[in-house]
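Chain by chain, the residues:
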Amino acid sequence: MATGTLDHTSVLAALRSPRLLKTEVLGGLVVALALIPEAISFSIIAGVDPRVGLFASFTMAVTIAIVGGRPAMISAATGAVALVVAPLTRDYGIDYLIATVLLAGVLQIVLSLLGVAKLMRFIPRSVMVGFVNALAIMIFITQLPHLIDVPWMVYPLLVVSLLILVLLPKLTSAVPAPLVAIVLLTAATIVFSLDVPNVGDEGELPSSLPSLMFPDVPLNMHTLSIIAPFALAMALVGLLESLMTAKLVDDITDTHSNKTREGWGQGVANLVTGFFGGMGGCAMIGQTMINVKVSGARTRISTFLAGVFLLILVVGLGGLVAKIPMAVLVAVMIMVSVGTLDWHSINPKTLRRMPLGETMVMLVTIVVTVTTHNLAYGVIVGVITAMVVFARRVAHLTEVVDIAHPDENTRVYAVRGELFFASSNDLIYQFDYAGDPENVIVDLSDAHIWDASTVATLDAITTKYAARGKNVEIIGLDKASAERHVRLSGRMGAGS
């Protein structure tokens, strides 16, 4: 880093700068306020008491602020995790849920140390764009229940909130617009005794601090057989969402994060959460966008304070927090949705320039995510679709050309392109077995053998010529291709 440049992700730099510290503190406060109804809603989805989700959000945020690899990213109780564990809670109860959270934490630590974070490099940009756009759509959709069959006064409050959120940043950035909207609209609701849905209607807020606990379940293989599938699903969903969110924040802030540390940090956070009776969680993209894009926070301070403020608000100021109208929080999330959507990616000019395969991958990711309400499913299907599109594209770049006839008994073919299962399967049909002379040379100087399927195809070509009494010589192999060919040739089955 150049001399004199301020590292905005540094905790020490923020502590030394009143301006940066104010941004971090206010960012944490806004996130904490937005977390409350979300955590309560996810608790209901998971089939547990609201306190379980709220305590999970507190412990996740505070722990990941210390051990995580991506500064300013928010982790808390999430809808994806709630959907995974809901059937378990319904059938077996809260103790089995806590045991599952603890096992999921262990699995996340193990998987991260084994290098699962390195798999992020295989997620194409089109999947990332689809992931971001699906997230924006899902954030918006989840707000709609708060706008249907509600008192008419909700709509004026929503409009005023949106106006504050849009116009205030153009006048000043001294105070986050969401915080101003929350304070003003809450005050107006109390002063004018407006009868509108508020945070208190979402569920009872806790009145005491979380305490250490251990799940009351039998420690045997039967218990493991019950919780293991849910724990593995929770671990994978949590890691995928967290690593994708970390990559998104990297792009927004133009900084790099330690994905392996973020992975095992999520595991540690889930262990801590489990021992305090929380439902577990992972990175929250919506709240992270509030923190990073709306509030402009960049350090671990905002994440830590989001957890601390959340606990203070629900335990110490629960009566006041319960009066916050849902309309203003819905407005905040709508603006997050608008800001999250990659508008450039859906611009007609962009879509016309973009290859059809790339657009299809983005759309598949969006459709699967929005349909299943699970970001992990969308990313997995999107990556598989991208692999198929890539394989088809590369397969058509392979060609076989007749390049020389040194004498009347010899013919030389040049094979060009990347040879793997998708491209090499058609290779066998591009030679004139009946019409070729006695000696055939296959030149692979401009090709590369990537897998066993290609070796099996080359063996099949050699066998077809041999059946007609003709000789085949394969030349021009690079070192890696030659080693693969020598190791596998004759051992794959000629017809493979």
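Scroll up a little and you will see the structure.
Calculation criteria
Residues numbered from 1 in each chain as written. Predicted model: local features only at pLDDT ≥ 70, side-chain atom pairs only at ≥ 80, totals over all residues. Heavy atoms only, no water. 1 Å grid on protein atoms, 1.4 Å probe; cavity = no way out; pocket = protein on both sides within 12 Å on 5 of 7 lines; lining within 4 Å. Points joined across faces, edges and corners; volume = space filled by probe spheres on them. Helix = DSSP H or I, 4+ residues; strand = E, 2+ residues; numbered from the N terminus. Nonpolar A, V, L, I, M, F, W, Y, C, P; charged D, E, K, R; others polar. Core = buried A, V, L, I, M, F, W, Y, C linked by side-chain atoms within 4.5 Å. Buried < 20%, exposed > 50% of the residue type's maximum accessible area, 1.4 Å probe, protein only. Salt bridge = Lys/Arg side-chain N within 4 Å of Asp/Glu carboxyl O. Polar contact = N/O pair within 3.5 Å; in protein donor to acceptor, adjacent residues only side chain to side chain. Contact = heavy atoms within 4.5 Å.

Visitor: If you had to explain the layout of surface pockets to someone new, which residues and values would you point to?
Guide: Of the pockets and cavities examined, the largest pocket occupies roughly 720 Å³. Of all the secondary-structure elements, those providing two or more residues to the lining of the largest pocket are helix H2 (18-46), helix H4 (79-92), helix H6 (125-141), helix H11 (285-294) and helix H14 (326-340). Taken together, the residues that form the lining of the largest pocket break down as 19 nonpolar, 10 polar and 3 charged. Taken as a whole, the second largest pocket holds about 610 Å³ of empty space. Contributing to the lining of the second largest pocket are 29 residues, with Pro176, Lys293, Val294, Ser295 and Gly296 lying nearest its centre. Elements with a contribution of two residues or more to the lining of the second largest pocket: H2, helix H7 (154-171), helix H8 (177-191), H11 and H14.

Visitor: Got a sec to walk through the nonpolar core? Specific residues and values, please.
Guide: In this structure, Ile36, Ile123 and Met279 are the most contacted members of the largest nonpolar core, which totals 103 residues. When residues of this core are assigned to their parent elements, the largest contribution, 12 residues, is made by H2. Judged by nonpolar contacts, the second largest core, of 19 residues, contains Tyr413, Val442, Leu458 and Ile461.

Visitor: Now, about the pattern of salt bridges: what can you tell me, with residues and values included?
Guide: This structure, assessed with the given rule, holds 9 salt bridges. Put simply, Arg393 and Glu358 hold a salt bridge, and the shortest N to O gap is 3.7 Å. On the criterion of sequence distance, the pair formed by Arg393 in helix H17 (residues 375-395) and Glu358 in helix H16 (residues 356-372) is long-range, its members being 35 residues apart. One salt bridge connects Asp402 with Arg411, and the closest N-O pair in it is separated by 2.8 Å.

Visitor: Hey, could you go over the side chain of His448 for me, with residue numbers and the actual values?
Guide: For His448, the position within the fold is in strand E5 (residues 439-449). Side chain to side chain, His448 and Asp478 meet in a polar contact 2.7 Å long. If we ignore the near neighbours within four places in the chain, the residues touching His448 are Gly417, Glu418, Leu419, Asp478, Ala480, Ser481 and Arg484.

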